[in-house]
Amino acid sequence: MAHKAGFVNIIGNPNVGKSTLMNAFVGEKLSIITSKAQTTRHRILGIVNGEDFQVLLSDTPGIIKPAYELQESMMGFVKSAFEDADVLVYMVEIGEKELKDEAFFNKIISTDIPVILLLNKIDKSNQEELESQVQMWTEKVPNAEIFPVSALEGFNVAEVFNRIIELLPESPAFYPKDTLTDKPERFFVNEIIREKILMHYKKEIPYAVEIDTQEFFEEEKIIRMRSVIMVERETQKGIIIGHKGAALKRVGVEARKDLEKFFGKQVHLELYVKVNKNWRSDQRQLKRFGYNE
Ligand SMILES: Nc1nc2c(ncn2[C@@H]2O[C@H](COP(=O)(O)OP(=O)(O)OP(=O)(O)O)[C@@H](O)[C@H]2O)c(=O)[nH]1
Ligand SMILES: [Mg+2]
């Protein structure tokens with residue numbers, strides 16, 4: 001059989017389960033997952049390698065109407081995912097209507113690229129609701145093949161993967177066959193820490209935070225990391241640190257545990273908090289943090 005390879009880009013509204021699906025395909029926790037919208041801020045490549053295929057999956061940020069520069073750049077990642085896709089995976093969840101962004105939605109329904117529409121979270125649904133939702137999506141996105149799935153429980157995930165392979169063009173591999181992602185180690189350190197921030201702080205705090213891992217030093221038995229948690233204002237810094245430093249300590253302990261799992265090695269993590277005024281609206285800063293391609 002000829003070798004197949006191509007880009008399979010996952011797009012959809014915030015919080016529908018895009019990152020959960022990507023991790024299920026790859027079999028590693030490449031993308032962080034939380035119950036909050038806008039968890040994913042980057043385009044993250046996850047590669048599934050087989051003897052005669054290489055699937056280049058892209059997890060992308062949920063589609064929103066951008067309100068500040070950071071979100072503009074997040075939507076830039078979604079746009080780029082439209083441009084180079086060999087297969088577009090459009091994910092929706094049970095009960096959802098459609099993309100709030102009409103321009104993106106129109107692009108999906110009028111594209112020549114094969115579209116797979118995944119109706120996710122069906123573990124929360126019943127047969128009757130499922131049938132009516134499939135009916136609705138068939139009418140809304142007539143160019144799509146629809147699969148009901150549960151990314152969380154793995155229902156139908158293997159079937160979708162097989163269909164994706166069928167749709168891929170014949171092509172040699174783009175990356176060496178032992179490659180898992182295009183992101184460097186520090187990126188995953190940043191993301192694991194940010195996941196803990198998303199989990200433990202409320203309201204605007206997680207959205208005002210960016211992580212900058214300044215040191216990643218691997219020794220024989222241990223990896224030493226130093227990361228800065230950046231916030232936009234002094235008051236946010238106080239909230240991150242918490243009473244007697246307890247809140248920050250919890251972030252550090254939980255992140256370290258996950259980092260040890262991710263890297264398969266003992267980790268020493270030093271965390272600092274710094275105010276970096278309005279970094280979310282500053283082009284230069286955003287570029288430094290990898291937001292402008
Ligand atoms: N019940 C159920 N929950 C799911 C399923 N897939 C994902 N979730 C949950 O939905 C929430 C969002 O999942 P994510 O994978 O982070 O969603 P996302 O689309 O990547 O979100 P953003 O990055 O914010 O756009 C998490 O709480 C997941 O555990 C599913 O199949 N069933
Ligand atoms: Mg995500």
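Please read these numbers as outputs of a predicted model, since none were measured by experiment.

Next up on the list: the domain arrangement of the chain. Split by domain assignment, the chain resolves into domain 1 (4-167) and domain 2 (185-289). Between the C-alpha centres of domain 1 and domain 2 the distance comes to 27 Å. Every contact between the two is made by 16 residues of domain 1 and, on the other side, 21 residues of domain 2. Both sides of the domain 1 and domain 2 interface together cover about 1700 Å² of buried area, and 56% of this is carbon and sulfur. Three residues stand out in domain 1 for area buried against domain 2, namely Ile32, Lys36 and Arg41, and they jointly supply 34% of the buried area on that side.

Next up on the list: the sheet that holds strand 7 (residues 210-218). One open sheet accounts for three strands, arranged 7-8-9; its pairing is mixed. Where the open sheet ends on each side, the last strands, each with one partner, are strand 7 and strand 9 (266-275). Direction aside, the axes of adjacent strands within the sheet are offset by 15° on average. Bridge count between strand 7 and strand 8 (residues 222-231): eight bridges; the pairing is antiparallel. The residue bridging Glu210 from the neighbouring strand is Met230, located in strand 8. Sheet strands in contact with helix 6 (residues 185-200) are strand 7, strand 8 and strand 9, and its direction is about 130° off that of strand 7. Here helix 7 (residues 234-241) sits on the sheet in contact with strand 8 and strand 9, set at roughly 150° to strand 9.

Moving on, we get to the coordination of the magnesium ion (ligand 2). For the magnesium ion (ligand 2), the protein coordination sphere consists of Ser19 (OG) and Thr40 (OG1), at 2.0 to 2.1 Å. Of this pair, Ser19 sits in helix 1 (residues 18-26) while Thr40 sits in the loop between helix 1 and strand 2 (44-50); the two residues are 21 residues apart in sequence, bridging distant segments of the chain. Given the relative accessible area of 7%, Thr40 is considered buried.

Neighbouring ligand 1 are 23 residues, the closest being Lys18, Thr20, Gln38, Thr39 and Asp123. In the environment of ligand 1, an oxygen atom lies 3.1 Å from a nitrogen or oxygen atom belonging to the side chain of Ser150. Examining the composition of the shell around ligand 1, we find that three residues originate from one element, helix 1, more than from any other. Broken down by class, the residue content of the shell around ligand 1 amounts to six nonpolar, 12 polar and five charged.

Its place among the elements puts Gln236 in helix 7. Gln236 sits in the buried class, given a relative accessible area of 1%.

The next point concerns the sheet that holds strand 2. On the basis of which strands lie adjacent, the open sheet formed by six strands has the order 2-3-1-4-5-6 and mixed pairing. Both outer strands of the open sheet, strand 2 and strand 6 (144-148), are each paired with one neighbouring strand and no more. If you compare each strand with its neighbour and ignore which way they point, the axes differ by 25° on average. Pairing of strand 1 (residues 4-12) with strand 4 (residues 87-93) involves five bridges; the strand directions are parallel. What sits directly across from Gly12, in strand 4, is Met91. Contacting strand 1 and strand 4, helix 2 (residues 69-83) runs over the sheet at an angle of about 140° to strand 1.

Two residues of an α-helix separated by three or four positions point the same way, owing to the 3.6 residues in each turn. Here helix 2 is 15 residues long and its end C-alpha atoms lie 21 Å apart, about the 21 Å a rise of 1.5 Å per residue gives. Of all the residues in helix 2, the buried ones are Leu70, Gln71, Ser73, Met74, Met75, Phe77, Val78, Ser80, Ala81 and Phe82. Buried-residue contacts for helix 2 involve strand 1, strand 4, helix 3 (102-110) and helix 9 (283-288).

A regular strand carries its side chains on alternate faces of the sheet. Counting buried positions along strand 5 (residues 115-120) yields six of six residues, so the element is predominantly enclosed. Of the two faces of strand 5, the one lined by Val115, Leu117 and Leu119 and the one lined by Ile116, Leu118 and Asn120 are each fully buried. Direction of pairing for strand 4 relative to strand 5: parallel, over a ladder of six bridges. For Glu93, the partnering residue across the bridge sits in strand 5 and is Asn120.

What follows deals with the UniProt feature "domain: Era-type G" (unreviewed entry) in the chain. Residues given the UniProt feature "domain: Era-type G" (unreviewed entry) here are residues 4-170. Spanning residues 4-170, this segment combines 35% helix with 25% strand, and its end C-alpha atoms are found 4 Å apart.

Turning our attention to the packing of aromatic side chains. As enumerated under the stated definition, the model contains 11 aromatic pairs in all. Judged by centre distance (5.3 Å) and plane angle (85°), the rings of Phe187 and Phe188 are edge-to-face. Judged on exposure class, the residue Phe187 and its partner Phe188 are both buried. Joined through ring pairs, the aromatic side chains of Phe187, Phe188, Phe216, Phe262 and Phe263 make up one cluster. It is Lys107 that lies over the ring of Phe82; its NZ or CZ is 4.8 Å from the centre. The ring of Tyr68 carries the charged tip of Arg280 above its face, separated from the ring centre by 4.1 Å.

Reading guide: rules and limits
- Residues numbered from 1 in each chain as written.
- Chains lettered and ligands numbered in written order.
- Predicted model: local features only at pLDDT ≥ 70, side-chain atom pairs only at ≥ 80, totals over all residues.
- Heavy atoms only, no water.
- Domains from an automatic or database assignment.
- Contact = heavy atoms within 4.5 Å.
- Buried area = accessible area lost by both parts, 1.4 Å probe.
- Pairing = 2+ DSSP bridges.
- Helix = DSSP H or I, 4+ residues; strand = E, 2+ residues; numbered from the N terminus.
- Axes fitted to C-alpha atoms, helices over the stretch in contact; angles between N-to-C directions.
- Donors = N, O, S within 2.8 Å, 3.2 Å for Na, K, Ca; no water.
- Buried < 20%, exposed > 50% of the residue type's maximum accessible area, 1.4 Å probe, protein only.
- Near = heavy atom within 4 Å.
- Polar contact = N/O pair within 3.5 Å; in protein donor to acceptor, adjacent residues only side chain to side chain.
- Nonpolar A, V, L, I, M, F, W, Y, C, P; charged D, E, K, R; others polar.
- Expected span 1.5 Å × (residues − 1).
- UniProt positions renumbered as here; feature names shortened; annotations may be inferred.
- Phe/Tyr/Trp six-rings, centres within 6.5 Å; stacked < 30°, edge-to-face > 60°.
- Lys NZ or Arg CZ within 6 Å of the ring centre and 35° of its normal.

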